[in-house]
Every structure is written in structure tokens, then in C-alpha cells.
Amino acid sequence: MLQASARTLKIKTGVVTRLVKELSSYEREEITQQKRIDALITANADDHDVRKQREVLEETTTMIPDCKNRLSAARDELQRLVSDIQESSPDASESEDIVAAQEAIKSLPIKI
């Protein structure tokens, strides 16, 4: 496997891994923010505070589809790169970088 391909593979694997973490973070934040809003409503908090927290929730929920789209694109690029490398040098399938890339792809949530 070429040195440039190995470097690109590591970078794209890292991108997929980072985006999985980012998506997970946004999903956790959405749940936490909704609980915060529910608590404010239960405590009869000022309407302004509730509205501001709803704005934060809206920003978070807006980021989730964007993150899913970026993750899907990164997954497709990584799969394409892995296929290209395996086609160009069949012995590369056992390389540590290819295995890591395949594991990153397999670890993705089914729906993205």
C-alpha cells in the first residue's frame, strides 16, 4: 500500500470516528436539553428562560441531520477508498489501517 494511501486512509478513518462521536454527543445533548426544558416548565420558570432553552434545543436538533449527512458522506468516501486500495493491492486487506477502517465502518449505526 502506498504511503499516501495509508495516510489518507488514517485521516478518513479518523473523520468517520470523530463524526460518530459528534453525532452521539448531539443526540445526548438533545435529550439533556429536553429534560432541562421540562424541568423549567415544571418549576414555572420565566417564559424568557424557557424560550431561550428551546432555542438551544432547536440548534441542537438542527445539527443532527447535518451531522448524519456528513457521516454518511465520510462513510461512503472511506468505503470507496478501502475498495480502491484492496483492488490495487490485494495483500493490503490484512494491513492494520484497512482493518481499522473496516471496523470504523462496521461500528456505524445502521440508520444514518
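Use the structure listed above.
Here goes a summary of the coordinates provided. Along each chain, numbering runs from 1 in the same order as the chain's sequence is written. A pLDDT threshold of at least 70 governs which residues receive local features in this predicted model, and a stricter bar of 80 or more applies before side-chain atom pairs are shown or counted, although totals over entire chains, interfaces and linings include all residues. For the side-chain quantities, the full set of heavy atoms in the structure was used; hydrogens and water were omitted.

## Some points on the pattern of salt bridges
Stated formally: The rule for a salt bridge is simple: a side-chain nitrogen of Lys or Arg has to be within 4 Å of a carboxyl oxygen of Asp or Glu. Relative accessibility decides the category of a residue: with a 1.4 Å probe and only protein chains considered, values under 20% of the type maximum give buried, values over 50% give exposed, and everything between is partly exposed.
Enumeration over the complete set of coordinates arrives at 6 salt bridges. Arg75 is paired through a salt bridge with Asp76; the nearest N and O atoms lie 3.2 Å apart. The partly exposed category is assigned to Asp76, whose relative accessible area is 30%. If you follow the salt bridges from partner to partner, you end up with Arg18, Glu22, Asp66 and Arg70 in one network.

## With respect to the side chain of Glu22
The condition that has to hold: A helix here means a DSSP run of H or I that spans at least four residues, while a strand means a run of E at least two residues long, and both kinds are numbered starting from the N terminus. Here a polar contact is taken to be a pair of N or O atoms separated by no more than 3.5 Å, where protein atoms must pair a possible hydrogen donor with a possible acceptor and residues adjacent in sequence count only if both atoms sit in side chains. The contact definition used throughout considers only heavy atoms, calling two residues in contact when any of these lie within 4.5 Å.
Topologically, Glu22 is positioned in helix α1 (residues 3-42). Judged by relative accessible area, which is 19%, Glu22 ranks as buried. A distance of 2.6 Å separates polar atoms of two side chains, one belonging to Glu22 and the other to Arg70. Residues in contact with Glu22, not counting those within four places in the same chain, are Cys67 and Arg70.

## Focus on unusual backbone geometry
Despite not being glycine, Asn44 has its phi angle at roughly 55 degrees, a positive value. The topology assignment puts Asn44 in the loop between α1 and α2 (47-88). The exposed category is assigned to Asn44, whose relative accessible area is 68%.

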